[in-house]
Amino acid sequence: MAKPPLIARSILITGCSSGIGLCVARGLADRGHRVVASVRHAEAIARWPHVDIPVVQLDLSDDASIDAGLAAALSHTGGRLDALFNNGAFGLPGAVEDLSRAALRAQFETNLFGWQVLTNRVIVLMRAQGFGRIIQNSSVLGIAALPFRGAYVASKFALEGLSDTLRMELKGTGIAVSLIEPGPIESRFRANAEAAFRRFIPIETSVHAIAYQKQLARLNQPGIAAPFTLPPEAVLKRVIHALESPRPQARYPVTVPTYLFAALRRLLPTRAMDWVLLKASGGGKR
Ligand SMILES: NC(=O)c1ccc[n+]([C@@H]2O[C@H](COP(=O)([O-])OP(=O)(O)OC[C@H]3O[C@@H](n4cnc5c(N)ncnc54)[C@H](OP(=O)(O)O)[C@@H]3O)[C@@H](O)[C@H]2O)c1
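Counting restarts for each chain, with residues numbered from 1 along the sequence as it is written. Residues qualify for local features only when their pLDDT is at least 70, as the model is predicted, and side-chain atom pairs are given and counted only at 80 or more; totals for whole chains, interfaces and linings, by contrast, use all residues.

**Student:** Summarise the environment of Ile 143; cite the residues concerned and give the values.
**Tutor:** Relative to the helices and strands, Ile 143 is located in the loop between β5 (132–137) and α5 (150–169). The class of Ile 143 is partly exposed, set by 19 C-beta atoms lying within 10 Å. Once the C-alpha coordinates of Ile 143 and Thr 258 are considered, the two residues, 115 residues apart in sequence, prove to be 8.2 Å apart. Residues are defined as contacting one another if the C-beta atoms placed from their backbone atoms lie within 7 Å. Dropping the residues within four chain positions of it, Ile 143 is found in contact with Glu 160, Glu 181, Phe 261, Ala 262 and Arg 265. Runs of E in the DSSP output that reach at least two residues are strands. Runs of H or I that reach at least four are helices, and both are numbered from the N terminus. Exposure is read from a count of other C-beta atoms within 10 Å of each residue's own; the residue is exposed at 12 or fewer, buried at 20 or more and partly exposed in between. C-beta atoms are placed from the backbone.

In structure tokens, the structure reads:
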């Protein structure tokens, strides 16, 4: 890990009950940054393991919760916020033709709309400070689509578009926008995706019912990770750079699949890229 930073930054992180958010909160606090973690549910506050890191409740699907969570976070930082790590999200597997309006809306409420509401609130503070770092946890699925991941892919492609636009609009303000693009990372992502899948997708009655049973079996194999899976510390490393470097990058690819798909997308025509992505997903079965 790089040497400790010269300047301790205040940072709010969303989605810290597990996985990447939990790891990044611990890692940044250990480097001396003033971290405020946020979690969606009150029970997660009760279970919060790190007494030295303040934790607040913030549900990204609810504007009132975003306002209350941000106000609570600012009470821990003296009203200043140097950085925001937008991270809390979930995956909703399922074929595009099985996505209801409610399903797509739920995916976007959390993964995109909530992030932008929070970001816009924080930009007001950052503009007044003349400094800020907005760090977006996107995905390899923000640059390449895979079958049966349409809702999640759409939310991350949209996040990439908003972030690229925002970065240009904020040029010269002292506020930098960085996208982290992880491939598979160890976390509770699959378990949480299974819950969303069961809630929103007509698993039994879909034309894809047989494929869905296989997908459920895959989501239910906690011990078996996707190829090239890395621990969440791989993301932490990129967040540290985006937060501490005088010249944060616009994009931070993480894991082999992200580097590979980003390169292939630049080189291959769309139909050849489809072939690669279908192969990589086992014809949509993985
Ligand atoms: N794991 C991967 O392979 C991978 C790859 C690329 C990108 N990512 C991205 O990494 C980020 C973190 O995911 P993870 O892998 O760490 O998965 P995770 O262990 O499932 O963590 C997701 C976190 O988001 C929270 N969350 C869900 N809905 C929320 C809402 N409405 N408001 C606030 N928080 C909410 C969850 O809280 P609850 O516990 O309350 O559900 C949890 O704390 C996500 O943006 C994901 O898209 C993950």
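**Student:** Let's hear about the nonpolar core: which residues, and what values?
**Tutor:** Counting 47 residues, the largest nonpolar core has Val 24 and Leu 84 as its most contacted members. Here the element with the most residues in this core is helix α1 (residues 19–30); it accounts for 6 residues. Grouped together as the second largest cluster of nonpolar side chains are 16 residues, Val 140, Ala 144, Ala 196 and Phe 200 included. Nonpolar core, as used here: buried Ala, Val, Leu, Ile, Met, Phe, Trp, Tyr and Cys residues forming one set through C-beta atoms within 7 Å.

**Student:** Kindly report on the pairing of strand β6 (residues 175–182), identifying the contributing residues and their values.
**Tutor:** Most of β6 is tucked away, with 8 of its 8 residues classed as buried. Of the two faces of β6, the one lined by Ile 175, Val 177, Leu 179 and Glu 181 and the one lined by Ala 176, Ser 178, Ile 180 and Pro 182 are each fully buried. Think of it this way: DSSP has to see at least two bridges between two strands before they count as a pair. Bridging between β5 and β6 involves 6 bridges; their strand directions are parallel. Residue pairing in the sheet places Ile 135 in a bridge with Ser 178 of β6. You can see the chain leave β5, run along α5 and come back into β6, and the turn it takes is right-handed. By the bridge criterion, 4 bridges tie β6 to strand β7 (residues 251–254) in an arrangement that is parallel. Looking at β7, one finds that Pro 182 is bridged to Val 254. Note on handedness: a clockwise path from strand one over the helix to strand two, with the strands aimed away from the viewer, defines a right-handed crossover.

Note that every value here comes from positions in space, so none of it alone points to a role or purpose.
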